[in-house]
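# Observations on chain architecture
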Amino acid sequence: MQKLNRSDEERLLDSVNTLLNLFLVDETQFAPAEGRVKYNPVDFQCLRYIDDHPGTKAIDIAQSLHIAPTTLQSALDRMVKQGLMERSRHAEDGRARAYHLTEAGQDLRDAIHRQDIANMGAMLSAVEADKRNVVLEQLERVATVLKAGGD
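Below, the structure is looked at part by part. (Residues numbered from 1 in each chain as written. Predicted model: local features only at pLDDT ≥ 70, side-chain atom pairs only at ≥ 80, totals over all residues. Heavy atoms only, no water.)

### Overview of the sheet that holds strand β3 (residues 97-101)
Backbone hydrogen bonds are what pair the strands of a sheet, in a parallel or an antiparallel way. The antiparallel open sheet is built from three strands, whose spatial order is β1-β3-β2. The sheet is open, and its two borders are formed by β1 (56-57) and β2 (85-89), each paired with just one other strand. Pairing of β1 with β3 involves two bridges; the strand directions are antiparallel. The partner of K57 across the bridge, within β3, is A98. Lying over the sheet, helix α2 (residues 41-52) contacts β1, β2 and β3, oriented at roughly 100° with respect to β3. (Pairing = 2+ DSSP bridges. Helix = DSSP H or I, 4+ residues; strand = E, 2+ residues; numbered from the N terminus. Contact = heavy atoms within 4.5 Å. Axes fitted to C-alpha atoms, helices over the stretch in contact; angles between N-to-C directions.)

In structure tokens, the structure reads:
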């Protein structure tokens, strides 16, 4: 990685903090899930993962999201109680539970996705049209490098 100028790091931190506040804390501008629920990153990512992997086991979710099984189990129990998902015996591993979104869970997941897309549209609208591809490519690169652990 390149050596960074300290002021560049401060500028980036300021921008990232502003975006995090706008999209994850401030409840007035970009309300999560179309304003239906408070933002909860573990719940939102669980709903997303189960939507993409119906019938998945808790251990698979925990490993994918890189969270402690106890943290995940609390979230799953809460969402089952709220009627957002259901658990049943896993088809291949009778000792494990399989998780599926309920109709209410799918509806909330869809609302989260619609709001996320609207939020991304708001962000991209601030970028000149001829520069959007460069911004997207650079953000994809940042995400790939950070997910891989550096370099």
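On we go from here.
### Notes on the pattern of salt bridges
If charged atoms from side chains of opposite charge come close, those side chains can pair. Counted under the stated rule, the structure contains nine salt bridges. The partner of D43 in a salt bridge is R78, with the nearest N and O atoms 2.5 Å apart. Taken together, the positions of D43 in helix α2 and R78 in helix α4 (residues 69-81) put the pair 35 residues apart, joining distant regions of the chain. With a closest N to O distance of 3.0 Å, K131 and E128 form a salt bridge. Linked through salt bridges whose partners overlap, the residues forming this network are E34, R36, D107 and R114. (Salt bridge = Lys/Arg side-chain N within 4 Å of Asp/Glu carboxyl O.)

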